[in-house]
Amino acid sequence: MRHNQSTFRLAALSALSFLVVFADHAPAQTALFSPRRDFPVGEDALAVVVGDFDRDGMTDVATAELSSNSISVLLGNGDGTFRPALLLAVSLPRALIVGDFNGDGGPDLAVGGSQGVSIFLGNGDGTFQLAGDFAVGGRPALGLAAGDFNRDGALDLAVVIGAEPVFVLLGRGDRTRNASRRTASTRWWPWLTSTETVRRTS
Ligand SMILES: [Ca+2]
Ligand SMILES: [Ca+2]
Ligand SMILES: [Ca+2]
């Protein structure tokens, strides 16, 4: 415990020093970044992720906007500018991550909102289709992380809801990938998961 407290204090001091350095040396900021450019999205954007959603080699951006009940997808032009946002409807989104949840090689979106976790499968052209909403204890999903927790090759999700349990949604990946690659992306929405909770040990 003492070690953890010391580590925390050291991290806090390091962060403070970092901020002070930049506050006292404003020219360093202009050396790191050119003047900002703004691109409109919805109201109260709380999360932002990047990916190549239309698979054109240019990095794109997606944001989750709480008050607008929307996800904005801005396709990049490759020069630091973005096209006008494409909108996805989600109730009160707070968390957003990118992952390949159906195993087709293209990026998908997982959104934490008032309905739990909503999975939007990428169509490969910058548009998405809703695969489903997955409840997490009847509460809003406030934070998401993705990883292959059971090492079966399918991407899984860890979800925090502000209460004690951490929900783990085990992905089933693309169940047809070995049978028919062609039909996999169009006929299967395979993110029908088993759900379990992981509780504190103390
Ligand atoms: Ca792109
Ligand atoms: Ca995918
Ligand atoms: Ca897995």
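Shown above is the structure to which this text applies.
Residues numbered from 1 in each chain as written. Chains lettered and ligands numbered in written order. Predicted model: local features only at pLDDT ≥ 70, side-chain atom pairs only at ≥ 80, totals over all residues.

As a further point, take the overall build of the protein chain. Counting secondary structure elements, the protein chain contains 3 helices and 12 strands. Burial statistics for the protein chain: of 202 residues in total, 32% are counted as buried. (Helix = DSSP H or I, 4+ residues; strand = E, 2+ residues; numbered from the N terminus. Buried ≥ 20, exposed ≤ 12 C-beta atoms within 10 Å, placed from the backbone.)

Within the open sheet, the 4 strands sit side by side as β1-β2-β3-β4. Their pairing is antiparallel. The open sheet is flanked by β1 (45-51) and β4 (86-89), the only strands paired with a single partner. If you compare each strand with its neighbour and ignore which way they point, the axes differ by 20° on average. In the sheet, strand β2 (residues 60-65) pairs with strand β3 (residues 70-74) via 5 bridges, with the strands oriented antiparallel. (Pairing = 2+ DSSP bridges. Axes fitted to C-alpha atoms, helices over the stretch in contact; angles between N-to-C directions.)

Strands sit in the order β5-β6-β7-β8 across an open sheet of 4 strands; the sheet is antiparallel. Both edges of this open sheet fall to β5 (95-99) and β8 (128-134), since each of them pairs with a single strand only. Each strand of the sheet is rotated relative to its neighbour by a mean of 20°, with strand direction disregarded. Inspection of the sheet shows β5 paired to strand β6 (residues 108-113) by 5 bridges, in the antiparallel sense. If you follow Leu96 over to β6, its bridge partner there is Val111.

So, about the environment of Val136. Mapped onto the fold, Val136 is located in the loop between β8 and β9 (143-147). A count of 26 C-beta atoms within 10 Å places Val136 in the buried class. For the pair Val136 and Gln115, spaced 21 residues apart in the sequence, the C-alpha separation amounts to 8.2 Å. Among residues more than four places away in sequence, those in contact with Val136 are Gly116, Val117, Ala141, Val159, Ile161 and Phe167. (Contact = placed C-beta atoms within 7 Å.)

In this section: the pairing of β6. The buried fraction of β6 is high, at 6 of 6 residues. Across the two faces of β6 the burial is the same, with Asp108, Ala110 and Gly112 and Leu109, Val111 and Gly113 all buried. Pairing geometry for β6 and strand β7 (residues 116-122), over 5 bridges, is antiparallel. Across the sheet, the residue bridging to Leu109 is Phe120, located in β7. Where β6 folds back on β7, the antiparallel hairpin that results is connected by 2 residues.

All we've got here are geometric facts, nothing functional implied.
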